[in-house]
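Letter by letter, the chains look like this.
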Amino acid sequence: MEVRHLIDIDPSGILVRYNVQLEKEMTPEDAAEELYPKDSTIYPIAKAIFEGEEDDVVEGLKKAITAGKDPMGLINGALMPGMGVVSRLYDEGVIFLPNVMMSADAMLEGIEFLKNMVGEAPEVKGKIICHVAEGDVHDIGKNIVVALLRANGYDVIDLGRDVPVDEVLDAVEKESPLMLTGTALMTTTMYAFKEINDKLMEKGYRIPFACGGGAVNQDFVSQYELGVYGEEASDAPKMADFIKAHGDNIVKLREKFHKH
């Protein structure tokens, strides 16, 4: 392999790794441009979702419907691909939490517009309960999990922050969700997850319990039977999709999502 494929020289004569030079040249907008759907009616909708422009999303949907697109089909045909661009670039560290939150809001605004137009709600992929551990008020991680799950078609019951263990159990009994998620930023609060796990087991529940947050690591989550560790917030919808496709086997979920 020739050296010139690996390195280049900037005007000052300093050697620069070629891929680093490319990274510096490519903006988040450039990266998104490479991923947008090519359909001329879908492209502006996906772009508006990436940019978090709610009005532009709705305007794009109106034009797509006028052009003959099925309104409810635009959820999977336009809104989801747009959010897919956002999720991918978030996974790759190209964009960050505020971008994702704005895009999720734009996506949900689009869904609401379509739902009101046709008088029916889109098919819900499943129900998921999210919460922040008892004693913990740090809910940024939980909020992004909720946003990503809703943007990917899941009905989310958001219990909020500092949620008592028994309230989580009551919600599981009432809602019979596909999955439960919990986040904790403080090491003093993450032990609530073990208590929730044990009480669920006592009641006969075998629901996947996806846990993450700054205080939580894979070794801790692996200690209890229902625990599945999510390193990134974006793992939550992937876990939910995996459960939909392959069932709620905890061992298989760990094989798929545990990194070591």
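This text goes with the structure placed above it.
To keep things clear, this report deals only with the structure shown in the data block. Quick caveat: nothing in here was measured; it's all calculated off a predicted structure.

Calculation rules
Residues numbered from 1 in each chain as written. Predicted model: local features only at pLDDT ≥ 70, side-chain atom pairs only at ≥ 80, totals over all residues. Heavy atoms only, no water. Core = buried A, V, L, I, M, F, W, Y, C linked by side-chain atoms within 4.5 Å. Buried < 20%, exposed > 50% of the residue type's maximum accessible area, 1.4 Å probe, protein only. Helix = DSSP H or I, 4+ residues; strand = E, 2+ residues; numbered from the N terminus. Contact = heavy atoms within 4.5 Å. Pairing = 2+ DSSP bridges. Expected span 1.5 Å × (residues − 1). Arc of directions from axis to C-beta. Axes fitted to C-alpha atoms, helices over the stretch in contact; angles between N-to-C directions. Parallel < 35°, antiparallel > 145°, perpendicular 65-115°, else oblique. Nonpolar A, V, L, I, M, F, W, Y, C, P; charged D, E, K, R; others polar.

## Section: the nonpolar core
By size, the foremost hydrophobic cluster in this structure holds 56 residues, and its most contacted members are Leu79, Met83, Leu114 and Leu149. If you tally residues by element for this core, the top one is helix α5 (residues 73–91), at 10 residues. With residues near it in sequence (within four places) discarded, Leu79 still touches Ile45, Ile49, Val57, Leu61, Leu74, Met107, Gly110, Ile111 and Leu114. Counting residues in each nonpolar core, the second largest holds 27 residues, with Ala171, Val172, Phe220 and Leu226 among its members.

## Description of the pairing of strand β5 (residues 179–183)
Every regular strand shows the same layout, with side chains that alternate between the two sheet faces. A large share of β5 lies buried, amounting to five of its five residues. Where burial is concerned, the two faces of β5 agree: the one with Met179, Thr181 and Thr183 and the one with Leu180 and Gly182 are both buried. Where β5 meets strand β6 (residues 209–212), four bridges bridge the pair, whose relative direction is parallel. The residue bridging Thr183 from the neighbouring strand is Gly212, located in β6.

## Quick look at helix α4 (residues 54–66)
Its 13 residues give α4 an end-to-end C-alpha distance of 19 Å, which sits within 8% of 18 Å, the value for a rise of 1.5 Å per residue. Along α4, the residues that are buried comprise Val57, Val58, Gly60, Leu61, Ala64 and Ile65. Burial along α4 is one-sided: seen end-on, the buried residues are contained in an arc of 160°. In α4, the exposed residues that point more than 90 degrees away from the buried face are Asp55, Lys63 and Thr66. Tucked inside the fold, the buried residues of α4 contact α3 (43–51), α5 and α6 (97–118). At the C-terminal side of α4, Gly68 shows a positive phi close to 110°.

## Thoughts on the packing of α5 against α6
Direction vectors running N to C along α5 and α6 enclose 175°, while the axes themselves pass 10 Å from each other. Taken together, α5 and α6 sit at an angle that is classed as roughly antiparallel. The segment α5 lies against α6, with Leu74, Ile75, Leu79, Met80, Met83, Val86 and Tyr90 engaging Leu97, Val100, Ser103, Ala104, Met107, Gly110, Ile111 and Leu114. By residue class, the composition of the contact of α5 with α6 is 13 nonpolar, two polar and no charged.

## Focus on the environment of Val124
For Val124, the location among the structural elements is in the loop between α6 and β3 (127–132). On a C-alpha basis, the gap between Val124 and Asn152 in space is 9.4 Å, while along the polypeptide they are 28 residues apart.

## Regarding unusual backbone geometry
Phi at Asp162 takes a positive value of approximately 50°, unusual for a residue other than glycine. Positionally, Asp162 belongs in the loop between β4 (155–158) and α8 (165–175). Located in the positive-phi region is Ser176, a residue other than glycine, with phi close to 50°. Inspection of the secondary structure puts Ser176 in the loop between α8 and β5.

## With respect to the environment of Glu195
Within the secondary structure, Glu195 sits in helix α9 (residues 191–202). Separated by 29 residues in the primary sequence, Glu195 and Asp166 place their C-alpha atoms 9.6 Å from one another.

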